[in-house]
Amino acid sequence: MRVSDASVNSDLAARIGAQRSRLGVLQERLASGKRINRPSDDPAGADAVLRLRTSQNEIEGFGRSAKAANQRLTATDDALQSYEPILERIRSLVTQGLTDTTTQDAKNALATELDSLRGRILNIANSKNGEEYLFGGTRQNAPPFDPVTAVPAATPTGAQYVQIEPGANAIATGVTAETVFGDSSSTIFADLAAAAQALRGTGDPVADRATLQNTNSRLIVYTGLTNVVHAKVGAGLNTTESAQDKLKSDFLSLNERASSIEDADFAATALDLTQTERSLDATLQVAGRQHRSLLDFLS
Amino acid sequence: MSINFSAFEIGRRALNAASYGVTVTGQNISNVNTPGYSRQYVQLADAAGTNISGFAIGNGVTVQGVQAFRDRFIESRINTETGVAGRLSAQRDTLSPVETALQGTDNGGLQNALNSYFGAFRDLDANPNSTALRSIVAQRGANLASSFNSTRGQLGQIQRGADEQVRDTVDQVNGLSSQIAQLNSRIKGADAIGENDSALRDQRGQLINQISELTGARSTENSDGTVTLTIGEGRALVSGDQAATLRATSTPPLGLSTITIDDQPATFDEGRLRGLQNAITETGSQIDNLDSLAASVVDRVNTLHSSGTDQDGNAGTNFFAVPAGGQPVTAANISLNPAISGNPRLVVASSLNQPGQSGTVAGQIAGLLTDPGSTVGTRTGSFSSIYGSFVAEAGEQVSSANNNLETQAAIIAQATTQRDAVSGVSLDEEAINLLQYQKAYDAAARFIKIADEMTQTILSLAQ
C-alpha cells in the first residue's frame, strides 16, 4: 500500500487527539472520583444511581420521622414515669383516709396533699412537647383538660400516627390523655376532687367512706390504664429505635451499592492514566522526530 | 545518408517531456499538504515512427496530457460516511446539553428538587402541627415549580439553538450547491476541449465532501464530467449547472423551521441537517416528557392535598395552581398556588376535619415520589423512576451517538487512508520522479549535443 505524507500526518494527528481525549476522560474520573460523571458515561448505571439516591433520600426522610417519633415517645415515657409514683402516693393517702384512727385534722392535711398532687397530674396531662400537647394526640387547639376546671376538652381526639419505615404501617407516636387520665365513666381529676371533698367531710361519714372506697377502686383502674399505656409506649420506643438502626444500615448499604456503580476504581484509573500518558509521550516523540524523505539525501 | 535533423526534434520532445515531468512533480510536492489534492502525473507516449528506408524509426516522446490519480468509488464512500458522521456529531453536540440539563448538579436540578419537595412532606408527616415545616414545604414546592420551569426553559433554548443551526446550515448548503453547479459547468467545458481540469475536480471534490457532511447528499458522476447530488427521496440538490434552493421556513406552533427544496418538502437521510432535526425532535420529546411529569405531579399532589384539611382545620385547596380555562399544566406553567405561598398554614397534612393534625395526607404525598402507580405520558412507575428513565434516555442518546461517532471516525480514517494511497502525495516518490526527470533531461541535452556535434562534423566536410 502506498503511504502518502498526508496520511502519515493525519494518522498521527488523529492518534494524538484520541489519546488526549482519553487522558481528559481519565483525569476527570480521578478528579471527581466517579466513573459516571454524566448520564451518557453509562446510562443504565446513571439511572440505577439516581434510583439509589432517591431511596437514600427517602430513607433519610423516614430516619427524621423515626427520630421525631422516638423523641415524642421518650417524652411520653418520661411523663408516665413521673405520673406513676404520684398514683402510688395518692393510693396510700386514700388508704390512710379510710383508716378509722385518722383524725379529721390529719384527713384535712391528706386532702390538701391530694389537691396538690391532683394539680401535678393536671400539669403532666397538659404538658407540652415543643409546640404540641404531649397527650393531645390529633387535637392541638386546646389542652386535654381545662387548666382550671380540669374538664376534658370538647373536641374528640385520636393518637398521632407516623410512618417511619418505607412500606411499613404507621406507628402511634404517643397516647391521648383520654386513654391515660380517664375512661368512659370518669376522669382522675373528678375522682380526686370528690375524694378530697370526702376527706374534708361532707357531713355524711358513710357516704364519704363510700366515696373514698370508690376512689380506691378507681385508682386501681387508673394504674391498670397507665401500665397498659406505658407498655405501648415502651414497645413504640423499641420499634423506633430498631427502625432507626435499620434505616441507618439500609442507608449505608444503598451508599455502597451506588458507590460500586458510580465510583471510579482509583488504582485502575490511575494505572490507566499512566499508561495513556506514556503512549501519548511515545506518539509525540514519533511525531516530533523529523520525518525524513529521500529529498534529504539528495544534495 | 542525408543530414537528419529529426534527432533535434526527438531531443526537443525529450527535453519537453522531462521538463513537464519536473513541473508536475513540483506541483505535486507543493501540494503535499493541500487537502483534497489528487496527485498528478504526465501521460507520456512514444511518438509514432516515420518510415525511413523501410525501417519504422520512432519520433521520440509525446506528452499526451496531465492526469490525476483518483478513485471515484473511495471518494464517494468517504462522502457517504462523512454524511453519517455529520448527523452523529450534530446529534451528540446538541443532545449533550440536554443530558446535562436533566442531570442537574449535585445540589441543583429537577431530581434534587423532587427529592427535597417530597422529603419536606415526609417531615411534615412526623410533625403535622408545625407551621415552620409548612413554610419549608411551600418553599420547596415553589422551588420544584421553578426547577421544572428552568429545566424546560433550558431544553427550549437548546431546541431553538439547534433550529438556528439548521437555518445557518441551509444557507451554507445553498452557497455550496451553487458553487458546485458552477464547477460542474466549468469542468464540462474543460473536458470538452481536453483541458487539464484536475484542480477544478479537486476543488469540487472538497465542496462535495462538505455538502455531504451537511446534507448527506449522494453524488453520481455523469459521463460529461458533471456530478449530480441528490438528497432524501431522490430530490436533486445539484444537477449539471443547476442548483436547487433550500429554504428554511418557520412553522407554527413553535416557530421551528421546515426545510423545502425548490418549494417541495425536503428530507435528509444523513448529514448535519438530519442530525439537527433528530436532535430537535428528541429534545421536543424530552420537553413533552417534562410537561407530562409536571402535569402528573400537579394532578396527584393536588388530589391528595385537596382531600385533607389545613392547619386550621379548613378544607384543603390545590397545592399547585391550576391554569385557568382548562389549559393543561406543563413544565413551563407549573407554579405554586399563590394562596399557599402567601399563607403556609394552608398546607395540608391532616385528613381530619378539625383543627389539630394527623400527618396522614402529608405522609401520602411524601410517598408519591416512590409510589409506582403514577402515569406520565405512556410510562407508568414512580415519579422518581420515571424521571430517572428520562435522564437515562438522554444519556443513552448521547452515548450511542458518541460510540457510533468513534466507529464512524475510524471508518472515515480508513477510507481516507485508502484514498490517500491512490491520490495522496508521497515526497519519496516525488523525489524519485524528480531524479528520473532530471536524468532524462540531462540525457536529452547530451543527446542534442551529440546530434549537434554530428551535424558540425558533416558540415565541416563541406568547408
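Above this text you will find the structure in question.
Quick look at the structure, then. Bear in mind that the values here come from a model prediction, so they are computed numbers and not experimental data.

Scoring rules and cut-offs
Residues numbered from 1 in each chain as written. Chains lettered and ligands numbered in written order. Predicted model: local features only at pLDDT ≥ 70, side-chain atom pairs only at ≥ 80, totals over all residues. Helix = DSSP H or I, 4+ residues; strand = E, 2+ residues; numbered from the N terminus. Rg over C-alpha atoms; globule rule 2.2 N^0.38 Å. Buried ≥ 20, exposed ≤ 12 C-beta atoms within 10 Å, placed from the backbone. Contact = placed C-beta atoms within 7 Å. Axes fitted to C-alpha atoms, helices over the stretch in contact; angles between N-to-C directions. Parallel < 35°, antiparallel > 145°, perpendicular 65-115°, else oblique. Left-handed = near helix turned anticlockwise from the far one by under 90°. Nonpolar A, V, L, I, M, F, W, Y, C, P; charged D, E, K, R; others polar. Pairing = 2+ DSSP bridges. Core = buried A, V, L, I, M, F, W, Y, C linked by C-beta atoms within 7 Å. Expected span 1.5 Å × (residues − 1).

Bringing the overall build of chain A into the picture now. Regarding its fold elements, chain A presents seven helices and four strands. For a compact globule of 299 residues, the expected C-alpha radius of gyration is about 19 Å, and chain A comes in at 39 Å, more than 25% above that figure. For the C-alpha atoms alone, the extent of chain A along its principal axes is close to 145 × 30 × 25 Å. Residues classed as buried in chain A amount to 34% of the 299 residues present.

Turning our eyes to something else, we now look at the overall build of chain B. Secondary structure summary: chain B contains ten helices and 13 strands in total. A compact globule built from 463 residues should have a C-alpha radius of gyration of about 23 Å, whereas chain B, at 38 Å, is more than 25% larger. When its C-alpha atoms are laid out on the principal axes, chain B stretches across 145 × 40 × 30 Å. Taking all 463 residues of chain B together, 46% fall into the buried category. Pairs at least 24 apart in sequence give 71% of the contacts found in chain B among residues at least 6 apart.

Following both chains from N to C, one finds helix H1 (residues 5–32) of chain A and helix H9 (residues 383–423) of chain B inclined at 165°, their axes separated by 9 Å at the closest point. What the angle tells us is that H1(A) and H9(B) run roughly antiparallel. Every pair of crossing elements has a handedness; the one defined by H1(A) and H9(B) is left-handed. Of the residues in H9(B), those touching H1(A) at A:Ala6, A:Ser7, A:Ser10 and A:Ala14 are B:Ala413, B:Thr416, B:Thr417 and B:Asp420. Broken down by class, the residue content of the contact of H1(A) with H9(B) amounts to three nonpolar, four polar and one charged.

This brings us to the interface of chain A and chain B. Listed by partner, the interface residues are 43 residues for chain A and 50 residues for chain B. Listing elements by their share of the side of chain A that touches chain B, those giving two or more residues are H1, helix H2 (43–98) and strand S3 (161–162) of chain A. In terms of residue count, the dominant contributor to the side of chain A that touches chain B is H2(A) (15 residues). Residues that form the side of chain A that touches chain B fall into these classes: 18 nonpolar, 15 polar and ten charged.

A few words now on the sheet that holds strand S5 (residues 218–221) of chain B. Residues and elements named next belong to chain B. One open sheet accounts for four strands, arranged S5-S6-S7-S8; its pairing is antiparallel. Bordering the open sheet on either side are S5 and strand S8 (242–243), each of which pairs with just one other strand. Across two bridges, strand S7 (residues 236–239) lies against S8 in antiparallel orientation. Bridged to Val238 within S8 is Ala243. Sheet contacts for helix H5 (residues 198–215): S5, strand S6 (227–230) and S7; angle to S6, the most-contacted strand, approximately 10°.

All names here are of chain B. Reading across the sheet, the three strands line up as S9-S10-S11 and stay open at both edges, with antiparallel pairing between neighbours. Looking at which strands have only one partner, the edges of the open sheet turn out to be strand S9 (246–251) and strand S11 (264–265). Strand direction decides the pairing type here: S9 and strand S10 (residues 256–261), joined by six bridges, are antiparallel. When the sheet's bridge partners are listed, Arg247 is paired in S10 with Thr260. Against the sheet, helix H4 (residues 131–192) engages S9 and S10, with an angle of about 160° to S9.

Attention now goes to the environment of B:Thr226. Residue and element names in this part refer to chain B. Along the chain, Thr226 turns up in the loop between S5 and S6. Taking the C-alpha atoms as reference, Thr226 lies 36 Å from Gly161; in sequence the two are 65 residues apart. Setting aside anything within four residues of it in sequence, one finds Thr226 in contact with Asn184, Ile187, Lys188 and Gly240.

On to the environment of B:His305. Residues and elements named next belong to chain B. Relative to the helices and strands, His305 resides in helix H6 (residues 271–305). A count of 26 C-beta atoms within 10 Å places His305 in the buried class. Considered as a pair, His305 and Ser53 are 252 residues apart in the sequence and their alpha carbons are 118 Å apart. Here His305 is in contact with Gly316, Asn318, Phe319, Val348 and Ile365, once residues within four sequence places are set aside.

Once that is clear, we can look at the nonpolar core. Within the largest apolar cluster, 98 residues are counted, with the highest numbers of intra-cluster contacts made by B:Leu114, B:Ile180, B:Ile211 and B:Ala294. Per-element accounting of this core gives the leading share, 18 residues, to H4(B). Not counting the four nearest positions on each side in its chain, B:Ile180 is found in contact with B:Arg204, B:Leu207, B:Ile208, B:Ile211, B:Leu229, B:Val238 and B:Ala243. Counting 46 residues, the second-largest nonpolar core is a separate cluster that includes A:Ala66, A:Ala79, A:Leu114 and A:Val162.

Moving on, we get to helix H3 (residues 110–126) of chain B. Its 17 residues place the ends of H3(B) 25 Å apart at the C-alpha level, agreeing with the 24 Å of an ideal helix rising 1.5 Å per residue. Most of H3(B) is tucked away: 15 of the 17 residues are buried.

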